[in-house]
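An overview of the molecular structure
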Amino acid sequence: MGKKQENNPDSEYGEPAEFDPGFNGPIKKRGCTDIICCILFMAVIIGYAAVGILAWLYGDPRHVLYPRNSTGWFCGTGPNKDRPNLFYFDFLKCATSVNVMATALNGFQCPTTQVCVESCPGDFSALFVDAYFKKPAEVFNQSLCVPSVDLKAPGLTVQQVVDQELCPFFRVPTTSVLGRCLPDITALGNIPDNFANVPGLPSTINDTINVIKNGTGDVVNGFNAREIGVRIFEDFASSWPWILIGLLIAMVVSMLFLLLLRFTAPVMVWVLIIGLLGAGAYGIWHCYWEYENHRQNSATISEIGFTTNFQVYLQVQETWLAFLIIISVAEAIILLTIIFLRTRILIAIALIQESSKAISHMMSALLYPLVTFVLLLVCVAYWGATALYLATSGNPIYRVVALNSTTSGCQSINGTVSCDPQNFTSSAYPDCPSASCIFIKYNDEGLLQRNIFNLQIYNAVAFLWCVNFVIALGQCTLAGAFASYYWAFSKPGDIPMFPLSASFIRSLRYHVGSLAFGSLILTLVQVVRIILEYIDHKTRSAQNPCARFLMCCLKCCFWCLEKFIKFLNRNAYIMIAIYGKNFCVSAKNAFMLLMRNIVRVVVLDKVTDLLLFFGKLLVVGGVGVLSFFFFSGRILLPGNTFRSETLNYYWMPIITVIFGSYLIAHGFFSVYNMCVDTLFLCFLEDLERHDGSLQKPYYMSKNLMKILNKSNKAAKTDRKKK
């Protein structure tokens, strides 16, 4: 055993892969893997579908999408189709309500009558003393009153209408916010002076304004973006063709960047490396220059002590000496690393060039992110719809609430008697004429309602698992396609037909269980991270420094664990796509293979990250600058009817183009990154399995063999014959 360890120093990370004469790419004869996890995943999917069906049967999203009046009818639909806005009779009662935000969103908790109206009133109006001696039809606007009231009914007085809240006794200019008529804060400064004489209102105008402002300030500040939203929508409506052109440019630039890497990768990598060394050299020179400038008149660190004004430290000679030492050491480390790892850097560059060549032979791979995007969109839409239907699955509960509870008759029924808002009449409670049927809460007494929280948790966990599975499926599919390219001895002649489709079918037919296994592990870690974030948010105010430090350490550890699992899963899926083994075996083999070549892994990873970062910077920055000059009017195209002056916010199309360009670049580069990782693992396996002989020829490119000073004997024989 000791002799074996001595002969093979890498044996602690497993034995190198052995030559297999029957292996020539992704194995076609394979069986289903991780069947138990596959069955579990299918059971979760079936349960997820059942939860969605239950939510659809018992939920009613109209509770959220539409406001509801005091009689329980929705505004903007059904009999109130032409009346989409909800108007509050006495908003002062809403303003003094405890849950103002819930009032604005639900339209129920406000203890005042609410009716559906065609448009929100935009004027001041109030009942003064003389109005109480007139007929109701002469005073009130029928469209703002309770639909069932007949203002011309004999014996009906204005006082009765006001007491029973059949019509509003005052109103101020309102604006529609999510279908709710809320006071327009900007118009309250023009409130008439005689409002101070309106019975039922505060004695001074300022009190009235302040009460309304206090009730609507938080709501309006949080949700009154309707006007801005309309303007943004107008901007998108006028500029969407140019936004699409900008995104098309980003797509073309991303594709060209990846395809041209086979020619430009060496130049770009060495330019970036030299640029990094040059930036370090400039930093050393600048620090030395500052050090010399502060040599004569400079205080010391000990004289200054500790101060929050960090500009003071920049006037100290010792500060620049410390910067000089740190940058010099970093520069020396980088320079020595490049010198000693130059061969591995050349290998990384060659693999990057080979990846660009592989993509040029499989252009359909660049379109696969669209499949992943559509599947992720389906997952997000299903999760959102299920969460919405579950949240509205309980029927609303109404109680009789006294709008004026000063009398004993009102106090005895206030909030204790159930009612039906569609059949409610205040005449049924003669001792309390101001009684009204008001929404209290959603029913939480049924079996489904009692388990809403548990079902929402199930919805969230199943959503995370499905999302991670979709990403895993994409990685395994791309890995199988690119592995088919590498293990083709004569390229492109030996590349199989439709490698991407074949890899996708293999992944779904044989490896759903393995992909579900890997995504489940990642999901569990993500759930723990979410729980930690929730605990931290809820206990932040009560945490002492020790607890905050412990929580920070836990969050950091699980963040690192998630990153490691993503890295391990990614390489495990590559091995699954090639050899068709289960997840645990594939993860172990991939990890051991990488550990046997850890230096190459680090170099390739960093060089690839550097190139892809530069590529994203080029695409997003270039398209972003171009869109800025265009949408701000600095670039005018001949014959172009679009003018930047027509935009309300020219930065919105710019942000849209930049964000879309980043998503497009990320989608293209994720394919490229997967190609590099797959070809790298295949390259390592190639080195371990083969020796360049006639029986064991290398599959790697001639450029890689040249860098490693290796060759196939068959090629040498052919050259000698010539």
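That block above? That's the structure.
Residues numbered from 1 in each chain as written. Predicted model: local features only at pLDDT ≥ 70, side-chain atom pairs only at ≥ 80, totals over all residues. Heavy atoms only, no water.

Some remarks on unusual backbone geometry
- Phi is positive for Asp34, close to 50 degrees, though the residue is something other than glycine.
- Assignment of secondary structure puts Asp34 in the loop between helix H1 (2-7) and helix H2 (35-58).
- Even without being a glycine, Phe498 presents a positive backbone phi close to 50 degrees.
- For Phe498, the position within the fold is in the loop between helix H16 (452-486) and helix H17 (499-510). (Helix = DSSP H or I, 4+ residues; strand = E, 2+ residues; numbered from the N terminus.)

Describing the pattern of salt bridges
- Tallied over the entire structure, the rule returns 9 salt bridges.
- Across the salt bridge formed by Lys555 and Glu533, the nearest N and O atoms sit 3.6 Å from each other. Of this pair, Lys555 sits in helix H19 (residues 545-579) while Glu533 sits in helix H18 (residues 512-539), and the two are 22 residues apart along the sequence.
- For Lys555, a relative accessible area of 23% puts it in the partly exposed group.
- You can call Glu533 partly exposed: its relative accessible area is 39%.
- As a salt-bridge pair, Arg596 and Glu688 come within 2.9 Å of each other at their nearest N and O atoms. Highlighted residues: Arg596 in the loop between helix H20 (583-595) and helix H21 (598-631) and Glu688 in helix H22 (residues 651-689), separated in sequence by 92 residues. (Salt bridge = Lys/Arg side-chain N within 4 Å of Asp/Glu carboxyl O. Buried < 20%, exposed > 50% of the residue type's maximum accessible area, 1.4 Å probe, protein only.)

Some remarks on the packing of H2 against helix H13 (residues 368-391)
- The N-to-C vectors of H2 and H13 enclose an angle of 45 degrees; their axes lie 8 Å apart at closest approach. Looking at the two axes, H2 sits oblique to H13. Here H2 and H13 pass one another in a crossing that is left-handed. Here H2 contributes Tyr48, Ala49, Val51, Gly52, Ala55 and Trp56 to the contact with H13, which in turn contributes Tyr382, Trp383, Thr386, Tyr389 and Leu390.
- Classifying every residue of the contact of H2 with H13 gives 9 nonpolar, 2 polar and no charged. (Axes fitted to C-alpha atoms, helices over the stretch in contact; angles between N-to-C directions. Parallel < 35°, antiparallel > 145°, perpendicular 65-115°, else oblique. Left-handed = near helix turned anticlockwise from the far one by under 90°. Contact = heavy atoms within 4.5 Å. Nonpolar A, V, L, I, M, F, W, Y, C, P; charged D, E, K, R; others polar.)

A look at the packing of aromatic side chains
- By the definition in use, this model includes 16 aromatic pairs.
- Taking the centre distance of 5.1 Å and the plane angle of 80 degrees together, the rings of Tyr486 and Trp487 count as edge-to-face.
- Members of the aromatic cluster, connected to one another through ring pairs, are Phe41, Trp465 and Phe469. (Phe/Tyr/Trp six-rings, centres within 6.5 Å; stacked < 30°, edge-to-face > 60°.)

Focus: H16
- Its 35 residues place the ends of H16 51 Å apart at the C-alpha level, agreeing with the 51 Å of an ideal helix rising 1.5 Å per residue.
- The element H16 is largely enclosed, with a buried count of 27 among its 35 residues. (Expected span 1.5 Å × (residues − 1).)

Quick notes on the pairing of strand E1 (residues 85-88)
- Burial along E1 is two-sided: the residues Asn85 and Phe87 and Leu86 and Tyr88 are all buried.
- Sheet analysis places E1 next to strand E2 (residues 114-117), joined by 4 bridges and oriented antiparallel. Paired with Asn85 across the strands is Val117, a residue of E2.
- Summarising the sheet, E1 and strand E6 (residues 180-183) pair through 2 bridges and their orientation is parallel. If you follow Phe87 over to E6, its bridge partner there is Cys181. (Pairing = 2+ DSSP bridges.)

Structural notes on helix H11 (residues 317-340)
- The end-to-end C-alpha separation of H11 is 35 Å, in line with the 34 Å expected for 24 residues at 1.5 Å each.
- Taken residue by residue, H11 has Gln317, Thr319, Trp320, Leu324, Glu331 and Ile338 as its buried positions.

Re the side chain of Gln526
- With respect to the helices and strands, the residue Gln526 is situated in helix H18.
- At 3.0 Å, the side chain of Gln526 and the side chain of Asn468 are in polar contact. (Polar contact = N/O pair within 3.5 Å; in protein donor to acceptor, adjacent residues only side chain to side chain.)

Quick look at the pairing of E6
- Every second residue of E6 is oriented toward a common face, with Arg180 and Leu182 on one face and Cys181 and Pro183 on the other, all of them buried.
- Examined bridge by bridge, strand E5 (residues 174-177) and E6 share 4 bridges and lie antiparallel to one another. Each bridged residue has a counterpart across the sheet, and for Ser176 the counterpart in E6 is Cys181.
- Hairpin geometry of E5 and E6 is characterised by an intervening segment of 2 residues between the two adjacent antiparallel strands and by a positive phi of about 55 degrees at Leu178.

Topic: the state of the cysteines
- For the structure on display, the rule yields 3 disulfides.
- Two residues, Cys75 and Cys116, share a disulfide whose sulfurs are 1.9 Å apart. Judged by the torsion about the S-S bond (-80 degrees), the Cys75/Cys116 disulfide is left-handed. Remark: Cys116 occurs in strand E2 and Cys75 occurs in the loop between helix H3 (62-65) and E1; sequence separation between them is 41 residues.
- Taking relative accessible area as the criterion, Cys75 reaches 1% and is therefore assigned buried.
- Judged by its relative accessible area of 7%, Cys116 falls in the buried class. (Disulfide = S-S within 2.5 Å.)

Considering the environment of Lys710
- Looking at the element boundaries, Lys710 is found in the loop between helix H23 (702-707) and helix H24 (713-721).
- Using a relative accessible area of 35% as the deciding quantity, one classes Lys710 as partly exposed.
- Remark: the alpha-carbon pair of Lys710 and Gly692, spanning 18 residues in sequence, is separated by 7.4 Å.

A short note on the environment of Tyr662
- Mapped onto the elements, Tyr662 comes out in helix H22.
- On the basis of relative accessible area, Tyr662 is assigned to the partly exposed category, the value being 39%.
- Expressed as a C-alpha distance, the spacing of Tyr662 and Leu247, which sit 415 residues apart in the sequence, is 9.5 Å.
- For Tyr662, the contacting residues outside a window of four places in its chain are Lys616 and Val620.

As for the nonpolar core
- By size, the foremost hydrophobic cluster in this structure holds 104 residues, and its most contacted members are Leu261, Phe482, Phe683 and Met700.
- The greatest single-element share of this core, amounting to 18 residues, is contributed by H16.
- In this structure, Phe683 is in contact with Ile347, Leu351, Tyr486, Met700, Leu704 and Leu708, ignoring residues within four places of it in sequence.
- Counting residues in hydrophobic clusters, the runner-up holds 27 residues, among them Ala126, Cys145, Val146 and Leu151. (Core = buried A, V, L, I, M, F, W, Y, C linked by side-chain atoms within 4.5 Å.)

What to know about the sheet that holds E1
- Ordered by their spatial adjacency, 4 strands build an open sheet running E2-E1-E6-E5, and the pairing between neighbours is mixed. Looking along the sheet, the strands with just one partner apiece sit at the ends: E2 and E5. Pairwise comparison of adjacent strand axes, ignoring direction, gives a mean angle of 40 degrees for this sheet.

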